Amino acid sequence: MAIGPGTGTFFIADPAWIHENGKEERIPGVKSILVDTKGIKWVEFLENTWEKEDE
């Protein structure tokens, strides 16, 4: 089995939509998402802001 760009999946726990204004919108009833990497060109890691909002 080949491993590299375009193979495999991403497992995303506690997913949310992120709007242009930076506001995060949780997806009700969804605890995780499995995404095929074939269509992904890049991944961006963002600062964890939702824990700050929950305080």
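This text goes with the structure placed above it.
The structure reproduced in this document is the subject of the present report.

It is worth spelling out a nonpolar patch on the surface at this point. Taken together, the side chains of F10, I12, V30, I33, I40, V43 and F45 present a nonpolar region at the surface, about 600 Å² in accessible area. Along the chain, the position of I12 falls in strand 1 (residues 9–13). Using a relative accessible area of 37% as the deciding quantity, one classes I12 as partly exposed.

Turning our eyes to something else, we now look at the pattern of salt bridges. Inspection of the entire model under this criterion finds one salt bridge. One salt bridge connects D14 with R26, and the closest N-O pair in it is separated by 4.0 Å. Here D14, found in the loop between strand 1 and strand 2 (16–18), pairs with R26, found in strand 3 (residues 24–26); they are twelve residues apart in sequence, far enough to count as distant. Judged by its relative accessible area of 38%, D14 is partly exposed.

Another point: the side chain of T37. With respect to the secondary-structure elements, T37 resides in the loop between strand 4 (32–36) and helix 1 (50–54). Among the polar contacts listed, one links the side chain of T37 to the backbone oxygen of G8, at a separation of 3.1 Å.

Cut-offs and rules
- Numbers given to residues run from 1 along each chain, matching the order in which its sequence is written.
- In keeping with the model being predicted, local features are shown solely for residues with a pLDDT of at least 70 and side-chain atom pairs are shown and tallied solely at 80 or more, while totals for entire chains, interfaces and linings include all residues.
- Only heavy atoms go into the side-chain values, all of them from the structure, while hydrogens and water stay out.
- Nonpolar side chains (Val, Leu, Ile, Met, Phe, Trp, Tyr) are joined into patches within 5 Å and like charges within 9 Å, using only residues with over 30% relative accessible area and no salt bridge.
- Exposure was quantified through the Shrake-Rupley algorithm and a 1.4 Å probe, taking into account, for residues, occlusion by the shown protein chains and nothing else.
- By definition, a salt bridge exists where a carboxyl oxygen of Asp or Glu is found within 4 Å of a side-chain nitrogen of Lys or Arg.
- Per the convention used, a helix needs a DSSP run of H or I reaching at least four residues, while a strand needs a run of E reaching at least two, with both numbered from the N terminus.
- Type-normalised accessible area, obtained with a 1.4 Å probe on protein chains alone, sets the label of each residue: buried when under 20%, exposed when over 50%, and partly exposed for intermediate values.
- Any pair of N or O atoms that falls within 3.5 Å is considered a polar contact. Within protein, one atom must be able to donate a hydrogen and the other to accept it, and sequence-neighbouring residues count only if both atoms are side-chain atoms.

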